[in-house]
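The chain contents come next:
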Amino acid sequence: MEPEIKPCPFCGNQKLKVESKHHGTHYYSGTHSATVRCNKCHARGPTASCKVEKGKYPADEQTEQRAVELWNERIN
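Rules used in this analysis
Residues numbered from 1 in each chain as written. Predicted model: local features only at pLDDT ≥ 70, side-chain atom pairs only at ≥ 80, totals over all residues. Heavy atoms only, no water. Pairing = 2+ DSSP bridges. Helix = DSSP H or I, 4+ residues; strand = E, 2+ residues; numbered from the N terminus. Axes fitted to C-alpha atoms, helices over the stretch in contact; angles between N-to-C directions. Disulfide = S-S within 2.5 Å. Buried < 20%, exposed > 50% of the residue type's maximum accessible area, 1.4 Å probe, protein only. Core = buried A, V, L, I, M, F, W, Y, C linked by side-chain atoms within 4.5 Å. Contact = heavy atoms within 4.5 Å.

1. So, the sheet that holds strand E2 (residues 31-38)
Here's step 1: Spatially, three strands are ordered E1-E2-E3 in an open sheet, and the strand pairing comes out antiparallel. The strands lining the two open edges of the sheet, one partner per strand, are strand E1 (16-23) and strand E3 (48-51). In this sheet, neighbouring strand axes are inclined to one another by 15° on average, regardless of whether the strands run parallel or antiparallel.
Here's step 2: Note that E1 and E2 share eight bridges and pair antiparallel. Along E2, the bridge assignment pairs His-22 with His-32.

2. Let's talk about the state of the cysteines
Here's step 1: Enumeration according to the criterion identifies zero disulfides in this entry.
Here's step 2: Here Cys-8 is not cross-linked by a disulfide; its sulfur's nearest cysteine counterpart is in Cys-41, at 3.7 Å.
Here's step 3: Of the cysteine sulfurs around Cys-38, a residue in no disulfide, the closest is that of Cys-11, at 3.6 Å.
Here's step 4: With a relative accessible area of 0%, Cys-38 lands in the buried category.

3. Re the nonpolar core
Here's step 1: Cys-8, Leu-16, Ala-34, Val-36, Cys-38, Ala-43, Ala-48, Ala-67, Val-68, Leu-70 and Trp-71 together form the largest nonpolar core, which totals 11 residues.
Here's step 2: Mapped onto this core, the elements with two or more residues apiece are E2 and helix H1 (59-75).
Here's step 3: Ranked by residue count, the leading element in this core is H1, at four residues.
Here's step 4: Each residue touching Leu-70, except ones within four places of it in the same chain, is listed here: Pro-46, Thr-47 and Ala-48.

Below, the structure written as structure tokens:
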């Protein structure tokens, strides 16, 4: 279950996107990072990152969930 993303604290927009990137030569090595971005004013939340270990494929999902948590925390 994905956590709910709270509206943008700057413009109130509810259309937000989780942007995710993998940094490394293979999917099973390197790092994975994610951030939440507002589609209207382009505000970005804090970046969450995770080192990807061989065989640890849910790193992208975990990092995206953490990015949403960080976004939601800064609005409180």
